[in-house]
Amino acid sequence: MTIVDDVRGSDSFVVPSLTTGERVRMLEEWATGVEPYDVSALVTVIRHGHMVPGTRVAARCAGEVLTYGDLFGGGDLSGGRGNGAGARSSSALPTPAAVAALLAEFVTASRVGLGRFGDRGLLLSADALAVAVADRRNIAADRRPRRVDPAMRPADVRLLALPWGDPQNTVDLLAAWSSGASVVVPTEAQRRDPTALAGLIDTYGVTQMVAEAGLPIRFVEDGVDRLPTVARWDLVGTSGGSMLPEAVRCLSPDAVATVAFHAPAYLGAVSRGPLAPTAWTRPVPGAKVLLLDEGLLVAPGVVGDVHVGGRALGAEFALGRDRDSFVDDPYDPRARLFRTGHRGWWTSEGRLIIES
């Protein structure tokens, strides 16, 4: 297979054709994440939340506390919306009622297979949500062992610092509640203020951060010294950048961290990899990434248009003109792809580099 690293971005370069063997290898080994093997039905995921002690804190939001008993004990905290198929949060900002309304929608999805998630009025199959939640649960469990007695069951406290309207929050909330974790949901003002976020991390002993990739750098620039309780950074962005790994090491020397690529039409991460200046990633279980030029696969080292597909792809996530970005999968007549608008290329080892 010919690698052409020195021709990326060259408009005059003619995309070389791939042999049948090369095309099969790229489609089967590189472009598609392994088939998910431990996806629980959404009704089972909901049941896990019911098994958590009712006195445990499920969410801290806007200065208020919701316990597992509040959320899973049968009370109606969704402002009278109940658990019907039309239930949806009315608040564009994180509030206790909005958090509870999301749970009502999860319950609906587990019962009837569909639900509306978040303020964008999204419709998504329960199977797709379950796949995304399974991926988040696996990633959350992959943390460096902490130097404590396992019998002490150290607190699992997660801070969601993505914008409240980001569909990823629906995945992370359900993944956290099905694992018995406590979630800190900052107000919009807190989310935009690194010093305020650092205060939340220190006050509640946050162990896992879900945030945009630039946040650790903003912490350092604002004079935040250490965030020693954070054992895991789950960052979202198209590029790690040379400053990001060092910022994370300074803030949380013993933490592990990944950076994930998201697309507007895909629930959860599409691909994920370690923090590094190269920002290479691989498709997550259930996801597909094709790099195409005029509908054909490009060779390794050649820049192509990033298209995503897979089990958590949903047209409902695309707004406005994005809806026109869905195309037929040229290599699978049963599937559709979403053209993300990003550009990227494969390395010779099958690692995906996404351009910002």
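The coordinates are above.
About the cut-offs
Sequence order as written defines the numbering, with residues in each chain counted from 1. Two thresholds apply to this predicted model, a pLDDT of at least 70 for residue-level local features and 80 or more for giving and counting side-chain atom pairs, whereas whole-chain, interface and lining totals are computed over all residues. Side-chain metrics in this entry use all non-hydrogen atoms of the structure; hydrogen atoms and water are not considered. Cavities and pockets were defined on a 1 Å grid built from protein atoms only: a cavity is a group of points that admits a 1.4 Å probe but offers it no way out, a pocket is an open group of points flanked by protein on both sides within 12 Å along at least five of seven lines, and a lining residue is one with an atom within 4 Å of any such point. Grid points are joined across faces, edges and corners, and a volume is the space filled by probe spheres set on the points. Each helix is a run of DSSP H or I of at least 4 residues and each strand a run of E of at least 2, with the numbering of both proceeding from the N terminus. Amino acids outside the nonpolar list (Ala, Val, Leu, Ile, Met, Phe, Trp, Tyr, Cys, Pro) and the charged list (Asp, Glu, Lys, Arg) are all regarded as polar, and Gly is one of them. In this analysis, axes come from line fits to C-alpha atoms, helices being fitted only over the stretch in contact, and the angle between any two N-to-C directions falls in the range 0 to 180 degrees. Any angle from 65 to 115 degrees is called roughly perpendicular, while one under 35 is roughly parallel, one over 145 is roughly antiparallel, and all others are oblique. Working rule for contacts: check all heavy atoms of both residues, and any pair within 4.5 Å makes them a contact. Accessible area is worked out with a 1.4 Å probe on protein chains only. A residue is then buried under 20% of its type maximum, exposed over 50%, and partly exposed in between. Two strands pair if DSSP finds at least two bridges between them. Orienting the strands away from the viewer, one traces the path from the first strand over the helix to the second; a clockwise path indicates a right-handed crossover.

Considering empty space enclosed by the protein
- For the structure shown, the criterion picks out eight cavities of 30 Å³ or more.
- Every residue lining the second largest cavity is listed: Arg-136, Gln-168, Asp-172, Val-210, Asp-234, Leu-235, Val-236, Thr-258, Ala-260, His-262, Ala-269 and Arg-272.
- Contributing elements (two or more residues each) for the lining of the second largest cavity: α6 (168–178), β8 (232–236) and β9 (256–261).
- Per-element tally for the lining of the second largest cavity: the top contributor is β8, with three residues.
- Here the residues of the lining of the second largest cavity are counted per class, giving five nonpolar, three polar and four charged.

As for the packing of helix α2 (residues 42–50) against α6
- Contact geometry of α2 with α6 gives a least axis separation of 7 Å together with a crossing angle of 55°. Classified by the interaxial angle, the pair formed by α2 and α6 is oblique. Contacts from Leu-42, Val-45, Ile-46, His-48 and Gly-49 of α2 reach α6 at Leu-174, Trp-177 and Ser-178.
- Class assignment for the residues of the contact of α2 with α6 results in five nonpolar, three polar and no charged.

Description of the pairing of strand β5 (residues 157–160)
- The alternating pattern of β5 places Val-157 and Leu-159 and Arg-158 and Leu-160 on opposite faces, both of which are buried.
- Here β5 pairs with strand β6 (residues 182–185) via three bridges, running parallel. Bridge pairing in β6 places Arg-158 opposite Val-183.
- What joins β5 to β6 is α6, and the crossover it makes is right-handed.
- Relative to strand β7 (residues 208–212), β5 is paired through three bridges, and the arrangement is parallel. Paired with Arg-158 across the strands is Gln-208, a residue of β7.

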